[in-house]
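Here is what each chain is made of, one letter per residue.
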Amino acid sequence: MEVKIDYFSVTFPLDCYFDELVFFNVYDMLKLISQYLNVKPFEILQQPYAQNNYHYQYLLGEHIILRLDGPMDENYHKTCHLEMKGEGCRDFERRNPDKTWIKLILTMVYLNAKFKRIDIAVDDYEGKYVTMKWLLDKIEKEQYTSIFRNEPMPIGTLKSGLTLQFGTHDSNNMLVIYDKRLEQQKRKKLCDKDYWVRYEMRFRNQVASGVITKLITAYDDETIPIYGMDIKQYAFELLYGLLDIKEENNCSDNNQHKVQTDPLWSSFLNHVSKSKIPRVEPAQIKGFESYLKSAIPYVSMFLFVKFLIVNQNPDLFEIELYKFLKNDLYFTKARFHKLNLFLSQHNLEPIDNDALGKIKKRFSEILEDKMLPF
(Lines give C-alpha, C1' and ligand atoms only; values in the text may rest on other atoms or scores of the structure.)
Protein backbone atom coordinates (compact mmCIF):
# COMPACT_ATOMS: atom_id res chain seq x y z
CA MET A 1 0.00 0.00 0.00
CA GLU A 2 1.32 3.41 -0.93
CA VAL A 3 -0.23 6.85 -0.44
CA LYS A 4 0.76 9.98 -2.34
CA ILE A 5 -0.43 13.46 -3.26
CA ASP A 6 -1.20 13.18 -6.95
CA TYR A 7 -2.63 16.59 -7.87
CA PHE A 8 -2.01 20.01 -6.39
CA SER A 9 -3.60 23.24 -7.62
CA VAL A 10 -3.37 26.64 -5.92
CA THR A 11 -3.93 30.29 -6.83
CA PHE A 12 -2.33 33.31 -5.18
CA PRO A 13 -2.20 37.08 -5.82
CA LEU A 14 0.37 38.67 -8.10
CA ASP A 15 0.22 41.93 -6.09
CA CYS A 16 0.16 44.11 -9.17
CA TYR A 17 -2.26 46.98 -9.66
CA PHE A 18 -1.26 48.91 -12.78
CA ASP A 19 -0.48 47.64 -16.27
CA GLU A 20 3.02 49.10 -16.49
CA LEU A 21 4.10 46.98 -13.51
CA VAL A 22 2.66 43.65 -14.71
CA PHE A 23 5.68 42.38 -16.64
CA PHE A 24 8.11 43.07 -13.80
CA ASN A 25 5.86 41.39 -11.26
CA VAL A 26 5.40 38.40 -13.56
CA TYR A 27 9.16 38.02 -13.90
CA ASP A 28 9.75 38.35 -10.16
CA MET A 29 7.05 35.77 -9.30
CA LEU A 30 8.33 33.36 -11.97
CA LYS A 31 11.82 33.63 -10.51
CA LEU A 32 10.56 33.16 -6.94
CA ILE A 33 8.48 30.05 -7.66
CA SER A 34 11.01 28.38 -9.97
CA GLN A 35 13.84 28.87 -7.46
CA TYR A 36 11.71 27.49 -4.64
CA LEU A 37 10.82 24.41 -6.70
CA ASN A 38 14.50 24.01 -7.67
CA VAL A 39 13.85 24.51 -11.39
CA LYS A 40 16.85 25.89 -13.27
CA PRO A 41 16.44 28.90 -15.65
CA PHE A 42 17.19 26.77 -18.75
CA GLU A 43 14.31 24.43 -17.74
CA ILE A 44 11.71 27.22 -17.88
CA LEU A 45 9.72 27.37 -21.11
CA GLN A 46 7.16 30.06 -21.86
CA GLN A 47 4.27 28.44 -23.67
CA PRO A 48 2.63 30.09 -26.69
CA TYR A 49 -0.78 30.01 -25.03
CA ALA A 50 -2.18 30.44 -21.53
CA GLN A 51 -5.30 28.72 -20.19
CA ASN A 52 -8.06 29.92 -17.89
CA ASN A 53 -7.82 33.63 -18.83
CA TYR A 54 -4.18 34.00 -17.77
CA HIS A 55 -1.81 36.07 -19.89
CA TYR A 56 1.39 34.10 -19.22
CA GLN A 57 1.94 30.36 -18.89
CA TYR A 58 5.26 28.66 -18.17
CA LEU A 59 6.31 25.03 -18.08
CA LEU A 60 8.74 24.48 -15.21
CA GLY A 61 10.73 21.39 -16.11
CA GLU A 62 8.54 18.92 -17.99
CA HIS A 63 5.44 18.70 -15.81
CA ILE A 64 4.88 21.70 -13.49
CA ILE A 65 2.72 24.55 -14.82
CA LEU A 66 2.76 28.15 -13.58
CA ARG A 67 0.24 30.66 -14.94
CA LEU A 68 0.57 34.38 -14.22
CA ASP A 69 -1.37 37.63 -14.64
CA GLY A 70 -4.81 36.09 -14.48
CA PRO A 71 -8.32 36.97 -13.30
CA MET A 72 -8.62 39.31 -10.33
CA ASP A 73 -9.50 38.02 -6.89
CA GLU A 74 -11.93 39.64 -4.44
CA ASN A 75 -9.24 42.18 -3.49
CA TYR A 76 -8.76 43.17 -7.17
CA HIS A 77 -5.32 41.55 -7.31
CA LYS A 78 -4.27 39.79 -10.47
CA THR A 79 -3.69 36.11 -9.73
CA CYS A 80 -1.19 33.31 -10.35
CA HIS A 81 -1.93 29.60 -10.66
CA LEU A 82 0.46 26.77 -9.77
CA GLU A 83 -0.68 23.36 -11.06
CA MET A 84 1.02 20.01 -10.52
CA LYS A 85 -0.66 16.92 -11.93
CA GLY A 86 0.56 13.39 -11.16
CA GLU A 87 3.99 13.56 -12.78
CA GLY A 88 4.31 17.18 -11.68
CA CYS A 89 3.91 16.05 -8.06
CA ARG A 90 6.54 13.36 -8.53
CA ASP A 91 8.84 15.93 -10.19
CA PHE A 92 8.50 18.25 -7.18
CA GLU A 93 9.45 15.38 -4.86
CA ARG A 94 12.46 14.36 -6.97
CA ARG A 95 13.78 17.91 -7.20
CA ASN A 96 13.29 18.74 -3.53
CA PRO A 97 14.41 15.94 -1.22
CA ASP A 98 15.01 18.60 1.44
CA LYS A 99 11.41 19.86 1.33
CA THR A 100 8.16 18.30 2.47
CA TRP A 101 4.70 18.90 1.10
CA ILE A 102 3.92 20.70 4.34
CA LYS A 103 6.73 23.18 3.62
CA LEU A 104 5.35 23.81 0.13
CA ILE A 105 1.83 24.26 1.49
CA LEU A 106 3.03 26.71 4.16
CA THR A 107 4.95 28.67 1.51
CA MET A 108 1.71 28.98 -0.45
CA VAL A 109 -0.06 30.13 2.72
CA TYR A 110 2.56 32.89 3.10
CA LEU A 111 1.66 33.97 -0.45
CA ASN A 112 -2.03 34.30 0.60
CA ALA A 113 -2.94 31.32 -1.55
CA LYS A 114 -6.30 29.71 -2.18
CA PHE A 115 -6.18 25.94 -2.47
CA LYS A 116 -8.22 24.89 -5.48
CA ARG A 117 -7.66 21.13 -5.59
CA ILE A 118 -5.69 18.35 -3.93
CA ASP A 119 -5.87 14.67 -4.89
CA ILE A 120 -4.73 11.98 -2.47
CA ALA A 121 -4.20 8.55 -4.02
CA VAL A 122 -4.10 5.22 -2.22
CA ASP A 123 -2.35 2.60 -4.37
CA ASP A 124 -2.97 -1.06 -3.60
CA TYR A 125 -0.34 -3.33 -5.17
CA GLU A 126 -1.54 -6.64 -3.70
CA GLY A 127 -5.32 -6.94 -3.55
CA LYS A 128 -4.81 -8.74 -0.24
CA TYR A 129 -8.10 -7.64 1.33
CA VAL A 130 -10.31 -6.22 -1.43
CA THR A 131 -10.34 -6.40 -5.23
CA MET A 132 -12.17 -4.57 -8.00
CA LYS A 133 -14.42 -7.63 -8.47
CA TRP A 134 -15.30 -7.62 -4.76
CA LEU A 135 -16.00 -3.88 -4.80
CA LEU A 136 -18.17 -4.13 -7.92
CA ASP A 137 -20.18 -6.93 -6.29
CA LYS A 138 -20.74 -4.81 -3.15
CA ILE A 139 -21.79 -1.79 -5.23
CA GLU A 140 -24.22 -3.83 -7.32
CA LYS A 141 -25.75 -5.26 -4.14
CA GLU A 142 -25.93 -1.72 -2.72
CA GLN A 143 -24.12 -2.87 0.42
CA TYR A 144 -22.39 0.41 1.10
CA THR A 145 -22.93 3.98 2.25
CA SER A 146 -21.19 7.10 0.96
CA ILE A 147 -21.36 10.87 1.26
CA PHE A 148 -22.27 11.15 -2.42
CA ARG A 149 -25.83 11.90 -3.45
CA ASN A 150 -25.64 10.16 -6.81
CA GLU A 151 -25.12 6.45 -7.27
CA PRO A 152 -21.61 5.40 -8.36
CA MET A 153 -20.97 5.16 -12.07
CA PRO A 154 -19.20 1.96 -13.25
CA ILE A 155 -17.19 2.64 -16.42
CA GLY A 156 -15.69 -0.19 -18.49
CA THR A 157 -15.42 -3.84 -17.48
CA LEU A 158 -13.21 -5.94 -15.23
CA LYS A 159 -11.50 -7.39 -18.29
CA SER A 160 -10.91 -4.16 -20.20
CA GLY A 161 -10.34 -2.01 -17.13
CA LEU A 162 -13.01 -1.00 -14.64
CA THR A 163 -13.51 2.43 -13.07
CA LEU A 164 -15.93 3.14 -10.21
CA GLN A 165 -16.71 6.86 -10.10
CA PHE A 166 -18.35 8.44 -7.06
CA GLY A 167 -19.37 12.10 -7.37
CA THR A 168 -19.10 14.44 -10.34
CA HIS A 169 -16.30 16.50 -11.86
CA ASP A 170 -17.90 19.76 -10.72
CA SER A 171 -18.36 18.69 -7.08
CA ASN A 172 -15.98 19.42 -4.19
CA ASN A 173 -15.70 15.70 -3.30
CA MET A 174 -14.98 12.91 -5.73
CA LEU A 175 -13.72 9.33 -5.42
CA VAL A 176 -12.47 7.37 -8.41
CA ILE A 177 -11.42 3.73 -8.01
CA TYR A 178 -9.79 2.20 -11.07
CA ASP A 179 -7.43 -0.45 -12.39
CA LYS A 180 -4.24 1.60 -12.69
CA ARG A 181 -2.24 -1.30 -14.16
CA LEU A 182 -4.55 -1.68 -17.16
CA GLU A 183 -4.73 2.11 -17.53
CA GLN A 184 -0.92 2.31 -17.75
CA GLN A 185 -0.82 -0.52 -20.28
CA LYS A 186 -3.44 1.18 -22.47
CA ARG A 187 -1.29 4.32 -22.46
CA LYS A 188 1.65 2.12 -23.48
CA LYS A 189 3.58 3.06 -20.35
CA LEU A 190 5.99 0.66 -18.69
CA CYS A 191 4.30 -1.02 -15.73
CA ASP A 192 6.03 -3.77 -13.74
CA LYS A 193 3.08 -4.33 -11.37
CA ASP A 194 1.06 -7.55 -11.41
CA TYR A 195 -1.74 -5.80 -9.53
CA TRP A 196 -2.40 -2.09 -9.11
CA VAL A 197 -5.72 -0.54 -8.09
CA ARG A 198 -5.86 3.14 -7.27
CA TYR A 199 -8.31 4.84 -4.87
CA GLU A 200 -8.11 8.47 -5.93
CA MET A 201 -9.76 11.06 -3.68
CA ARG A 202 -10.23 14.45 -5.32
CA PHE A 203 -10.97 17.47 -3.12
CA ARG A 204 -11.72 20.94 -4.46
CA ASN A 205 -12.20 24.48 -3.17
CA GLN A 206 -13.46 24.66 0.45
CA VAL A 207 -12.97 20.92 0.97
CA ALA A 208 -9.42 21.08 -0.43
CA SER A 209 -8.71 23.90 2.01
CA GLY A 210 -10.18 21.83 4.85
CA VAL A 211 -8.09 18.76 4.01
CA ILE A 212 -4.91 20.84 3.70
CA THR A 213 -5.62 22.63 6.99
CA LYS A 214 -6.00 19.23 8.67
CA LEU A 215 -2.70 18.07 7.21
CA ILE A 216 -0.92 21.17 8.48
CA THR A 217 -2.35 21.15 11.97
CA ALA A 218 -2.37 17.43 12.74
CA TYR A 219 0.28 15.67 10.71
CA ASP A 220 3.35 17.88 10.54
CA ASP A 221 6.41 15.77 11.34
CA GLU A 222 9.78 16.77 9.91
CA THR A 223 11.24 13.31 10.67
CA ILE A 224 9.12 11.73 7.93
CA PRO A 225 10.71 12.32 4.50
CA ILE A 226 8.88 13.91 1.53
CA TYR A 227 5.46 14.32 3.08
CA GLY A 228 6.33 15.39 6.59
CA MET A 229 3.10 13.83 7.83
CA ASP A 230 1.50 10.48 8.53
CA ILE A 231 -0.43 10.82 5.31
CA LYS A 232 -1.28 7.12 5.02
CA GLN A 233 -3.23 7.17 8.28
CA TYR A 234 -5.16 10.31 7.27
CA ALA A 235 -5.76 9.03 3.73
CA PHE A 236 -7.40 5.88 5.12
CA GLU A 237 -9.55 8.00 7.45
CA LEU A 238 -10.66 10.18 4.53
CA LEU A 239 -11.40 7.18 2.31
CA TYR A 240 -13.47 5.62 5.09
CA GLY A 241 -15.33 8.94 5.43
CA LEU A 242 -16.13 8.93 1.72
CA LEU A 243 -17.07 5.26 1.34
CA ASP A 244 -18.11 2.62 3.87
CA ILE A 245 -18.46 -0.92 2.48
CA LYS A 246 -20.90 -2.97 4.57
CA GLU A 247 -20.85 -6.65 5.48
CA GLU A 248 -23.24 -9.05 3.75
CA ASN A 249 -26.85 -8.16 4.59
CA ASN A 250 -30.41 -8.07 3.29
CA CYS A 251 -31.22 -4.55 4.49
CA SER A 252 -32.78 -1.95 2.25
CA ASP A 253 -30.74 0.93 0.89
CA ASN A 254 -32.21 3.26 3.55
CA ASN A 255 -31.01 0.99 6.35
CA GLN A 256 -27.46 0.32 5.18
CA HIS A 257 -26.14 2.88 7.66
CA LYS A 258 -27.19 0.53 10.48
CA VAL A 259 -25.04 -2.33 9.14
CA GLN A 260 -21.49 -2.93 10.38
CA THR A 261 -18.51 -2.23 8.14
CA ASP A 262 -17.28 -5.30 6.28
CA PRO A 263 -14.21 -6.72 8.10
CA LEU A 264 -12.28 -6.88 4.82
CA TRP A 265 -12.85 -3.16 4.20
CA SER A 266 -11.87 -2.39 7.79
CA SER A 267 -8.65 -4.40 7.43
CA PHE A 268 -7.90 -2.73 4.10
CA LEU A 269 -8.16 0.66 5.85
CA ASN A 270 -5.92 -0.49 8.70
CA HIS A 271 -8.82 -0.33 11.18
CA VAL A 272 -8.84 3.48 11.30
CA SER A 273 -11.70 5.63 12.53
CA LYS A 274 -13.96 7.32 10.02
CA SER A 275 -13.02 10.94 9.32
CA LYS A 276 -15.56 13.64 8.66
CA ILE A 277 -14.66 15.36 5.41
CA PRO A 278 -13.49 18.83 6.45
CA ARG A 279 -14.17 22.10 4.70
CA VAL A 280 -13.07 25.68 5.25
CA GLU A 281 -15.59 28.34 4.33
CA PRO A 282 -14.04 31.24 2.40
CA ALA A 283 -13.47 34.40 4.40
CA GLN A 284 -15.97 37.11 3.64
CA ILE A 285 -13.52 39.79 2.52
CA LYS A 286 -15.26 43.08 1.91
CA GLY A 287 -14.05 44.63 -1.34
CA PHE A 288 -14.92 48.15 -2.46
CA GLU A 289 -17.81 46.97 -4.62
CA SER A 290 -19.44 45.13 -1.73
CA TYR A 291 -18.73 48.20 0.45
CA LEU A 292 -20.67 50.34 -2.05
CA LYS A 293 -23.56 47.89 -2.07
CA SER A 294 -23.76 47.85 1.71
CA ALA A 295 -23.81 51.68 1.75
CA ILE A 296 -26.67 52.01 -0.76
CA PRO A 297 -29.57 51.85 1.77
CA TYR A 298 -28.04 54.63 3.90
CA VAL A 299 -27.00 56.85 0.99
CA SER A 300 -30.35 56.46 -0.75
CA MET A 301 -32.21 57.40 2.46
CA PHE A 302 -29.97 60.45 2.94
CA LEU A 303 -30.52 61.65 -0.64
CA PHE A 304 -34.26 61.04 -0.42
CA VAL A 305 -34.50 63.22 2.71
CA LYS A 306 -32.51 65.95 0.95
CA PHE A 307 -34.90 65.76 -1.98
CA LEU A 308 -37.86 66.25 0.36
CA ILE A 309 -36.17 69.14 2.21
CA VAL A 310 -35.84 71.14 -1.04
CA ASN A 311 -39.54 70.51 -1.80
CA GLN A 312 -38.65 68.04 -4.56
CA ASN A 313 -37.07 70.79 -6.63
CA PRO A 314 -34.58 69.05 -8.98
CA ASP A 315 -32.35 72.12 -9.38
CA LEU A 316 -32.04 72.70 -5.62
CA PHE A 317 -31.54 68.97 -5.08
CA GLU A 318 -28.63 68.97 -7.54
CA ILE A 319 -27.02 71.86 -5.63
CA GLU A 320 -27.40 69.95 -2.34
CA LEU A 321 -25.80 66.90 -3.95
CA TYR A 322 -22.72 68.84 -5.08
CA LYS A 323 -22.46 70.47 -1.65
CA PHE A 324 -22.44 67.02 -0.07
CA LEU A 325 -19.70 65.77 -2.41
CA LYS A 326 -17.62 68.92 -1.90
CA ASN A 327 -17.84 69.09 1.90
CA ASP A 328 -18.26 65.49 3.12
CA LEU A 329 -16.26 63.35 0.69
CA TYR A 330 -13.01 62.12 2.28
CA PHE A 331 -10.79 59.04 2.15
CA THR A 332 -8.49 57.41 4.65
CA LYS A 333 -5.35 55.73 3.34
CA ALA A 334 -7.00 52.31 3.53
CA ARG A 335 -10.12 53.56 1.76
CA PHE A 336 -7.99 55.13 -0.99
CA HIS A 337 -6.32 51.74 -1.45
CA LYS A 338 -9.66 49.93 -1.82
CA LEU A 339 -10.97 52.61 -4.15
CA ASN A 340 -7.95 52.39 -6.45
CA LEU A 341 -8.12 48.60 -6.63
CA PHE A 342 -11.74 49.00 -7.71
CA LEU A 343 -10.85 51.68 -10.27
CA SER A 344 -7.99 49.64 -11.75
CA GLN A 345 -10.37 46.74 -12.35
CA HIS A 346 -12.57 49.09 -14.36
CA ASN A 347 -9.61 50.57 -16.30
CA LEU A 348 -9.92 53.95 -14.59
CA GLU A 349 -7.11 56.20 -13.38
CA PRO A 350 -6.18 55.97 -9.69
CA ILE A 351 -7.10 58.77 -7.29
CA ASP A 352 -4.85 60.39 -4.67
CA ASN A 353 -5.29 63.42 -2.39
CA ASP A 354 -4.15 65.84 -5.09
CA ALA A 355 -6.58 64.37 -7.62
CA LEU A 356 -9.37 64.46 -5.05
CA GLY A 357 -8.59 68.12 -4.32
CA LYS A 358 -8.89 68.97 -8.02
CA ILE A 359 -12.22 67.15 -8.25
CA LYS A 360 -13.56 69.02 -5.20
CA LYS A 361 -12.42 72.28 -6.81
CA ARG A 362 -14.45 71.29 -9.83
CA PHE A 363 -17.46 70.75 -7.55
CA SER A 364 -16.98 74.32 -6.20
CA GLU A 365 -16.95 75.72 -9.73
CA ILE A 366 -20.14 73.84 -10.59
CA LEU A 367 -21.80 75.15 -7.41
CA GLU A 368 -20.79 78.75 -8.19
CA ASP A 369 -22.26 78.40 -11.64
CA LYS A 370 -25.52 76.86 -10.47
CA MET A 371 -26.05 79.37 -7.66
CA LEU A 372 -25.80 82.41 -9.94
CA PRO A 373 -29.06 84.38 -9.94
CA PHE A 374 -29.42 84.17 -13.72
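Residues numbered from 1 in each chain as written. Predicted model: local features only at pLDDT ≥ 70, side-chain atom pairs only at ≥ 80, totals over all residues. Heavy atoms only, no water.

**Overview of the packing of helix α10 (residues 314-328) against helix α12 (residues 353-370)**
Remark: α10 packs on α12, axes separated minimally by 9 Å, with the N-to-C direction vectors making an angle of 155°. The angle between α10 and α12 places the two elements in the roughly antiparallel class. As α10 runs across α12, the sense of the crossing is left-handed. Contact residues: Glu318, Ile319, Tyr322, Lys323, Leu325 and Lys326 in α10; Lys360, Phe363, Ser364, Ile366, Leu367 and Lys370 in α12. Of the residues contributing to the contact of α10 with α12, the split by class is six nonpolar, one polar and five charged. (Axes fitted to C-alpha atoms, helices over the stretch in contact; angles between N-to-C directions. Helix = DSSP H or I, 4+ residues; strand = E, 2+ residues; numbered from the N terminus. Parallel < 35°, antiparallel > 145°, perpendicular 65-115°, else oblique. Left-handed = near helix turned anticlockwise from the far one by under 90°. Contact = heavy atoms within 4.5 Å. Nonpolar A, V, L, I, M, F, W, Y, C, P; charged D, E, K, R; others polar.)

**Structural notes on helix α1 (residues 22-36)**
For α1, spanning 15 residues, the distance from its first C-alpha to its last is 21 Å, which sits close to the expected 21 Å at 1.5 Å a residue. Of all the positions in α1, only Val22, Val26, Met29, Leu30, Ile33 and Ser34 are classed as buried. For α1, the arc enclosing every buried residue in end-on projection is 125°, short of the 170-degree limit, so these residues lie on one face. For α1, exposure combined with an orientation more than 90 degrees from the buried face picks out Phe24 and Gln35. Elements that come into contact with the buried residues of α1 comprise β1 (2-13), β2 (44-46), β3 (56-60), β4 (64-68), β5 (79-84) and α3 (101-110). Directly beyond the C-terminal end of α1, a positive phi value near 65° is found at asparagine 38. (Expected span 1.5 Å × (residues − 1). Buried < 20%, exposed > 50% of the residue type's maximum accessible area, 1.4 Å probe, protein only. Arc of directions from axis to C-beta.)

**Considerations on the pattern of salt bridges**
Pairing is possible between side chains of opposite charge, provided their charged atoms come close. A complete count under the given rule lists 26 salt bridges for this structure. Between lysine 78 and aspartate 69 there is a salt bridge whose closest N-O contact spans 3.6 Å. For lysine 78, a relative accessible area of 12% puts it in the buried group. Connected through shared salt-bridge partners, Glu2, Lys4, Asp6, Arg90, Glu93, Asp123, Arg198, Glu200 and Arg202 make up one network. (Salt bridge = Lys/Arg side-chain N within 4 Å of Asp/Glu carboxyl O.)

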